[in-house]
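A look at the structure
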Amino acid sequence: MPSWLVVILVAIAAVGLFVLGLSITIIVKGHFIDSEISTNKNMQKLGIKCAVQETREDMGLADCDDDAAGCSGNCSACDIEHSADKNKK
């Protein structure tokens, strides 16, 4: 068997193994891991907040849960710079 064929077969097997390893959580639990702070109930119980929300609270701006501030409770939707520009006007 040519060496290039062995390399290709090993690479295909490795990629297959990695895909299987990464999907074990989905296979076993039946859902993706909820790693977003704004939607993970266990993180909320522990009082963990995203950095944007903590910064907004330290600056005295509206909380990220406030729709008037342009946030939907999702930390990725909060924008410190944009909100700071609004407050300067």
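The rules behind each value
- Residues numbered from 1 in each chain as written.
- Predicted model: local features only at pLDDT ≥ 70, side-chain atom pairs only at ≥ 80, totals over all residues.
- Heavy atoms only, no water.
- Helix = DSSP H or I, 4+ residues; strand = E, 2+ residues; numbered from the N terminus.
- Buried < 20%, exposed > 50% of the residue type's maximum accessible area, 1.4 Å probe, protein only.
- Contact = heavy atoms within 4.5 Å.
- Areas by Shrake-Rupley, 256 points an atom, 1.4 Å probe, with all protein chains shown as cover.
- Patch = residues over 30% accessible without salt bridge, like charges linked within 9 Å, V, L, I, M, F, W, Y side chains within 5 Å.
- Salt bridge = Lys/Arg side-chain N within 4 Å of Asp/Glu carboxyl O.
- Expected span 1.5 Å × (residues − 1).
- pLDDT = per-residue confidence, 0-100.

Next up on the list: the overall build of the protein. Assigned secondary structure in the protein consists of 5 helices and 0 strands. Going from N to C terminus, the protein has its helices and strands arranged as α-α-α-α-α. A buried classification covers 18% of the 89 residues belonging to the protein. Of the contacts formed within the protein by residues at least 6 apart in sequence, a portion of 25% connects residues at least 24 apart. Total accessible area on the protein is roughly 6,800 Å²; 64% of this is exposed by carbon and sulfur atoms.

In this section: a nonpolar patch on the surface. On the surface, a nonpolar cluster with roughly 760 Å² of combined accessible area is contributed by Met1, Trp4, Val6, Ile8, Leu9, Val10 and Ile12. Within the secondary structure, Ile12 sits in helix H1 (residues 3-22).

Here H1 is 20 residues long and its end C-alpha atoms lie 29 Å apart, about the 28 Å a rise of 1.5 Å per residue gives. Along H1, only 0 of the 20 residues are buried, which leaves the element largely exposed.

This next bit is on the confidence of the model for the protein. Looking at the protein as a whole, its pLDDT mean stands at 76, while 69% of the residues score no less than 70. Per-element mean pLDDT across the protein ranges from 51 in helix H5 (residues 80-88) up to 95 in H1.

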